[in-house]
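Structural overview for review
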Amino acid sequence: MPSDCANLYLKGISFKSATPSQIGSCSLPSENILAAESEILRGGRISEILFLMTCNRAEIYFVSASDRAFADIAEVLKKYGADSETFDSLSYSASGSAAVAHIFKVASGLCSQMVGETEILGQVKAAYARSLGAGHCKAILNATFQKAVQCAKLIRTDTEIGHGKISVGSVAADLALRIFPDLRKVSILLVGSGEAGRLVAEALSIRGARNIYVSSRTFKNAQSLAGEIGAFSLEMSEVPARMADFDVVICASSARRLVVSAELARRTIKARGEKPVFFVDLGVPPNVDPAVESVDGAFLYNLEDLSKIASENLNIRKGEIARASQTASERAEALARRLGFA
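Residues numbered from 1 in each chain as written. Predicted model: local features only at pLDDT ≥ 70, side-chain atom pairs only at ≥ 80, totals over all residues. Heavy atoms only, no water.

Brief notes about the pairing of strand β6 (residues 211-216)
Most of β6 is tucked away: five of the six residues are buried. Across five bridges, the pairing between strand β5 (residues 187-191) and β6 is parallel. Counted as the bridge partner of V191 is S215 from β6. In this region the chain leaves β5, passes through helix α9 (residues 195-206) and returns to the parallel neighbour β6; the handedness of that crossover is right-handed. Bridge count for β6 against strand β7 (residues 232-235) is four bridges, and the pairing is parallel. Across the sheet, the residue bridging to S216 is E235, located in β7. (Buried < 20%, exposed > 50% of the residue type's maximum accessible area, 1.4 Å probe, protein only. Helix = DSSP H or I, 4+ residues; strand = E, 2+ residues; numbered from the N terminus. Pairing = 2+ DSSP bridges. Right-handed = clockwise from strand over helix to strand, strands pointing away.)

Looking at the packing of aromatic side chains
How two aromatic rings sit relative to each other is given by the distance of their centres and the angle of their planes. One pass over the full model with this rule turns up eight aromatic pairs. With a centroid separation of 5.9 Å and an interplanar angle of 20 degrees, the aromatic rings of F70 and F87 are classed as stacked. Of this pair, F70 sits in helix α3 (residues 70-79) while F87 is found in helix α4 (residues 84-90), placing the two residues 17 residues apart along the sequence. Summarising the burial analysis for this pair, F70 and F87 share the class buried. A ring pair is formed by F278 and F299, whose centres lie 5.0 Å apart and whose planes are at 20 degrees; its orientation type is stacked. With F278 in strand β9 (residues 277-281) and F299 in strand β10 (residues 298-301), the pair connects residues that are 21 residues apart, well separated along the chain. Residue classification places F278 among the buried residues on the basis of a relative accessible area of 12%. Following the ring pairs from residue to residue traces out a cluster consisting of Y61, Y128 and F145. Over the ring of F70 we find K11, and its NZ or CZ is 4.9 Å from the ring centre. (Phe/Tyr/Trp six-rings, centres within 6.5 Å; stacked < 30°, edge-to-face > 60°. Lys NZ or Arg CZ within 6 Å of the ring centre and 35° of its normal.)

Regarding the nonpolar core
Core analysis: the biggest nonpolar cluster contains 61 residues, and F51, I73, L204 and L282 have the highest contact counts within it. The element contributing the most residues to this core is helix α8 (residues 168-179), with six residues. Setting aside chain neighbours within four positions, we find F51 in contact with L28, I33, E37, I40, E59, I60, I73, L77, A127, R130 and S131. Of all hydrophobic cores here, the second largest spans 40 residues; its members include A6, A99, I140 and A336. (Core = buried A, V, L, I, M, F, W, Y, C linked by side-chain atoms within 4.5 Å. Contact = heavy atoms within 4.5 Å.)

Focus on the environment of C137
Mapping C137 onto the fold places it in the loop between α6 (119-133) and α7 (139-158). Its relative accessible area of 5% is what places C137 among the buried residues. As a C-alpha pair, C137 and V63 span 74 residues in sequence and 9.3 Å in three-dimensional space. Setting aside residues up to four positions removed in sequence, C137 forms contacts with E48, I49, L50, Y128, S131, L132 and N142.

Side note on the pairing of β9
Across the five residues of β9, five count as buried, placing the element largely inside the fold. Here β9 shows a buried face lined by V277, F279 and D281 and a second buried face lined by F278 and V280. With four bridges connecting them, strand β8 (residues 248-251) and β9 associate as parallel partners. Along β9, the bridge assignment pairs I250 with V280. Each parallel crossover has a hand, and for β8 linked through helix α12 (residues 262-271) to β9 it is right-handed. Strand direction decides the pairing type here: β9 and β10, joined by four bridges, are parallel. Considered in β10, the bridge of F278 is made with F299.

Here is the structure:
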């Protein structure tokens, strides 16, 4: 049970309140998260904290006697390179039972850009494991995230909300399949070997793609992922010169700079004899310059486009979404009562 004055607070931004570029500018690189959490806890006003940062959300859960303690978080975000002012201006917030309900629905895929997508649960579990391992989660966050994960698993087994295993990776691969019915004949470049890149690579391989090249800022990571799916690896420095070899370029890098500029896209199309290239941008911040869309022969798809594809069968699952939402709400309310939250 929390102390009488302790409360759970949430402050965050997502695709509902911010653009991918804004989310990217407000997020911390994964390698800086634990250091930032530790520094915030040393300030003394916050006793527990967890950062949840994914491709379409940046959320901070913390336990304190007052929501005014967010000022401590903002200072640390700024120190580690995040745009804390933009974060504050675009953020939503919740406390107590509302914050509990929110993470239950996030973990269950009910707050995702692609409702019912499956990878968010893994991202929630990874964020919790990271902060738990560092000692940043105690009674309140432990109970909240453990129960949120349990609720999400129950919803997966008891409803059809995730029918078809919706994920960014699977939808990106399905998009490629729509454009090219036989992926065995398609040359694909995947830039990024992180979680999103891995999901795309696995989904493409399952759907028959064989000519896949993987590139990453860390070449060893690209080699490792390529080896797992029987693909080829490519040094990042070679990407601009080799881009004309590929029919589909999927960017899922955490790099804070553009991977594909409009000029690179223009040169690529020209080198291909005006043969088109399909660019899929899964990066946050974006990896592909939006101006690429205006280049003749270049076709650009982003996370919003993928969300529309994933939502095509949403009407079929509306009843399941309502049932899943009811389950999440009921379980969140039960935990909030146990924790003494209003």
